[in-house]
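Here are the chains, one letter per residue:
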Amino acid sequence: MARYSEHSFYCMRCGRKGIPIARRDSHNHSKHHRKKLWCPYCGMEVNHIECRNDSEVYEFKQAFEAGEYKEEVAQSLAFIQNETNILWS
Ligand SMILES: [Zn+2]
């Protein structure tokens with residue numbers, strides 16, 4: 001029988017914990033895998049970082065506070081923002 005464990009996802013934009021997803025234990029991603037999810041705090045779809053255990057959560061928080069994700073988030077949102085600018089100009 002396959003085992004499942006709950007992985008948490010943290011928003012790269014606001015750093016808050018998103019909706020956890022149950023993953024099959026055999027489901028293997030590299031550490032800090034990105035996944036685009038709806039963030040209820042940001043009110044938009046943002047890349048989230050998958051954390052499989054407490055130490056990965058800790059590493060995410062350290063990196064978030066150091067501003068390591070700011071540029072990546074800005075780049076992933078740039079396309080949407082450009083479209084909005086065209087509509088409003
Ligand atoms: Zn967010």
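Residues numbered from 1 in each chain as written. Predicted model: local features only at pLDDT ≥ 70, side-chain atom pairs only at ≥ 80, totals over all residues.

Caption draft 1: Region of the structure containing unusual backbone geometry. Look at His32: it is not a glycine, yet its phi comes out positive at around 55°. Structurally, His32 can be placed in the loop between strand S2 (21-24) and strand S3 (34-39). When the 15 C-beta atoms within 10 Å are taken as the criterion, His32 is described as partly exposed. (Helix = DSSP H or I, 4+ residues; strand = E, 2+ residues; numbered from the N terminus. Buried ≥ 20, exposed ≤ 12 C-beta atoms within 10 Å, placed from the backbone.)

Caption draft 2: Structural detail: the nonpolar core. If you look at the biggest cluster of nonpolar residues, it comprises 10 residues: Phe9, Tyr10, Cys11, Met12, Cys39, Val46, Ile49, Cys51, Phe60 and Tyr69. Secondary-structure elements contributing two or more residues to this core are strand S1 (4-11) and strand S4 (44-51). In contact with Phe60, other than residues within four places in its own chain, are Tyr10, His32, Ile49 and Cys51. (Core = buried A, V, L, I, M, F, W, Y, C linked by C-beta atoms within 7 Å. Contact = placed C-beta atoms within 7 Å.)

Caption draft 3: The arrangement of the sheet that holds S2 in detail. With antiparallel pairing, the 4 strands of this open sheet are ordered in space as S2-S1-S4-S3. Sheet topology places S2 and S3 at the edges, where each strand pairs with a single neighbour. This sheet shows a mean twist of 50° between the axes of neighbouring strands, independent of strand direction. Where S1 and S4 come together, 4 bridges link them in antiparallel fashion. By the bridge assignment for S4, Cys11 is matched with His48. (Pairing = 2+ DSSP bridges. Axes fitted to C-alpha atoms, helices over the stretch in contact; angles between N-to-C directions.)

Caption draft 4: Highlighting the confidence of the model for the protein. Mean pLDDT over the protein: 85, with 81% of residues reaching 70 or higher. Element-level mean pLDDT values for the protein span from 73 in helix H2 (residues 70-88) up to 96 in helix H1 (residues 54-65). (pLDDT = per-residue confidence, 0-100.)

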